[in-house]
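Examining the three-dimensional arrangement
The chain contents come next:
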Amino acid sequence: MGDTIQVYKANMIIPQIAENLTKSGTYKLPEKCPCCGGALSIQQTSGGTSQLFCDNPHCAAKLVQKFAHFCEKTRMNIEGLSATTLEKFIGHGWIRNFGDLYELERHKEEIINTEGFGVKSYERLQASIGKSRTCTLAKFIAGLGIPMVGRHAGRIIDKACGGSWKLFEEAIQNGFDFTMLSNFGTTMRDNIYKWYNDAEEAKLRRPLLDHITFIKETSTMNNTNNPFAGKTVVATGKLVNYTRDGIQTRLLELGAHPASSVSKNTDFLIVGEKAGSKLAKAQALGVTTLTEQEFEDMAG
């Protein structure tokens, strides 16, 4: 209390501390998770940020967030299931695993009578759930919440497995080394195996597979006559004209290989506001850096 800090808007809206100017050191971190009482630990993100984590993978608060993550627009895109709503549904016992999301009609009357819901809200929810029954392997994997395996990694796995969940599962069962795939490191590989072999995670995902039909991802590549075709491109910082997902989609349209981290194999780094450690690493490796405008000019 009483420290002077500098704050900025991360991703244009989220307040984030840039620097503590006073550094009194009087704040004491909590030692136990306020939800499950489990131990807490400080972990470093790939960008060098220190974050406080609950070490219990089955914490009830994490369960709510797992379902919220699954329902996000850039994952399975199920509208009407916010974290607050999911917390209510889980509390009533209507959702225990991902498969239960697709059997909510069993609780139709109770949902309609839930505060904030009604007939129209229920019908919109069911329509959104219905649309999500057909999806690509990329979106499905991104929604499952495998640590560090998000949308970009999902696309890589989708391509490697031909859009087949069966082939993805067989690859795991046969001990496939995922580091052979582009932009896959040992931590991501280990996270896939740890997640797959976790009995509680298996209980969450297995009932879901009976409700999903996988479709091949439509190729968005329609322009290979540009400097980015076949190149590995990373974007960092806040961009003016693109969201994180939007810049990846644009790169795929150009025939590029969007990546999430800078390495010696990176061809270009698109630099937005507050670029951070990726810019420093790119400069150290001699990677070509571009402003958003330079990227637009080169892409035509």
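Residues numbered from 1 in each chain as written. Predicted model: local features only at pLDDT ≥ 70, side-chain atom pairs only at ≥ 80, totals over all residues. Heavy atoms only, no water.

**Re the nonpolar core**
The tendency in soluble globular proteins is for nonpolar side chains to be buried side by side. Test applied: Among the buried residues, those of types Ala, Val, Leu, Ile, Met, Phe, Trp, Tyr and Cys that are joined through side-chain atoms within 4.5 Å form a nonpolar core. Burial here depends on accessible area, computed with a 1.4 Å probe over protein chains only, as a share of the maximum for the residue type. Under 20% is buried, over 50% is exposed, and the range in between is partly exposed. Secondary structure elements are defined from DSSP: runs of H or I of at least 4 residues count as helices, runs of E of at least 2 residues count as strands, and each element is numbered from the N terminus.
In this structure, Leu-101, Ile-157 and Phe-168 are the most contacted members of the largest nonpolar core, which totals 49 residues. For this core, the secondary-structure elements that each account for two or more residues are helix H1 (60-71), helix H2 (83-91), helix H3 (108-112), helix H4 (119-132), helix H5 (137-143), helix H6 (151-160), helix H7 (165-173) and helix H8 (186-196).

**Concerning the sheet that holds strand E7 (residues 232-236)**
Here is the rule: At least two bridges found by DSSP between two strands are what make those strands a pair. Every axis in this analysis is a line fitted to C-alpha atoms, fitted for helices over the stretch in contact. Angles between the N-to-C directions lie between 0 and 180 degrees. The contact criterion used throughout is that any non-hydrogen atoms of two residues lie within 4.5 Å.
Judged by pairing direction, the sheet is parallel, and its four strands sit side by side in the order E8-E7-E9-E10 without closing on themselves. Edge positions in the sheet fall to strand E8 (257-259) and strand E10 (288-291), since each has one partner strand and no second. Each neighbouring strand pair of the sheet contributes to a mean axis angle of 30°, computed without reference to strand direction. Of the strand pairs in this sheet, strand E9 (residues 268-271) and E10 are connected by four bridges, and their pairing is parallel. Bridged to Val-271 within E10 is Thr-291. Against the sheet, helix H12 (residues 292-299) engages E9 and E10, with an angle of about 95° to E10.

**Things to note about the pattern of salt bridges**
Filter applied, for reference: Think of a salt bridge as a Lys or Arg side-chain nitrogen and an Asp or Glu carboxyl oxygen that are within 4 Å of each other.
Across all of its chains, the model carries 11 salt bridges by this definition. With a closest N to O distance of 2.8 Å, Glu-72 and Arg-75 form a salt bridge. Lys-203 serves as the salt-bridge partner of Glu-200, at 3.5 Å between the closest nitrogen and oxygen. Pair noted here: Glu-200 and Lys-203 are both in helix H9 (residues 199-205), with a separation of three residues, about one helical turn. Judged by its relative accessible area of 36%, Glu-200 falls in the partly exposed class. One salt-bridge network, in which partners are shared between bridges, spans Arg-96, Asp-100, Glu-103 and Arg-106.

**Description of the confidence of the model for the chain**
The criterion, for reference: The pLDDT score gives, residue by residue, the confidence of the prediction method on a 0 to 100 scale.
Looking at the chain as a whole, its pLDDT mean stands at 89, while 96% of the residues score no less than 70. Confidence scores differ between elements of the chain, with helix H10 (residues 244-253) showing the lowest mean pLDDT of 82 and H7 the highest of 96.

**Observations concerning a nonpolar patch on the surface**
Filter applied, for reference: Residues enter patches when their relative accessible area tops 30% and they take part in no salt bridge; the joining distance is 9 Å for like charges and 5 Å for the nonpolar side chains Val, Leu, Ile, Met, Phe, Trp and Tyr. Using the Shrake-Rupley algorithm and a 1.4 Å probe, accessible areas are obtained, with residue cover drawn only from the displayed protein chains.
Side chains of Tyr-27, Leu-29, Ile-42 and Leu-52 sit close together on the surface and give an oily, nonpolar patch of about 440 Å² of accessible area. Of the residues examined, Leu-52 reaches a relative accessible area of 40% and is grouped as partly exposed.

**Some remarks on the packing of aromatic side chains**
Heads up, the condition is: Ring pairs are drawn from Phe, Tyr and Trp, using the six-membered ring of Trp, whenever the two centres fall within 6.5 Å, and their geometry is named by plane angle: stacked under 30 degrees, edge-to-face over 60, tilted for the rest.
One pass over the full model with this rule turns up 15 aromatic pairs. Measuring from centroid to centroid gives 5.1 Å for Phe-228 and Phe-268, while their planes differ by 70°, and the two rings are edge-to-face. Here Phe-268 lies in strand E9 and Phe-228 lies in the loop between strand E6 (213-215) and E7, a separation of 40 residues in the sequence. Among the residues examined, Phe-228 registers a relative accessible area of 0% and is labelled buried. A residue is classified by how much of its surface remains accessible, and Phe-268, at 13% relative accessible area, is buried.

**Remarks on the side chain of Thr-136**
Along the chain, the position of Thr-136 falls in strand E5 (residues 134-136). Residue class for Thr-136 comes out buried when judged on its relative accessible area of 11%. Each residue touching Thr-136, except ones within four places of it in the same chain, is listed here: Asp-158, Phe-214, Ile-215, Lys-216 and Glu-217.

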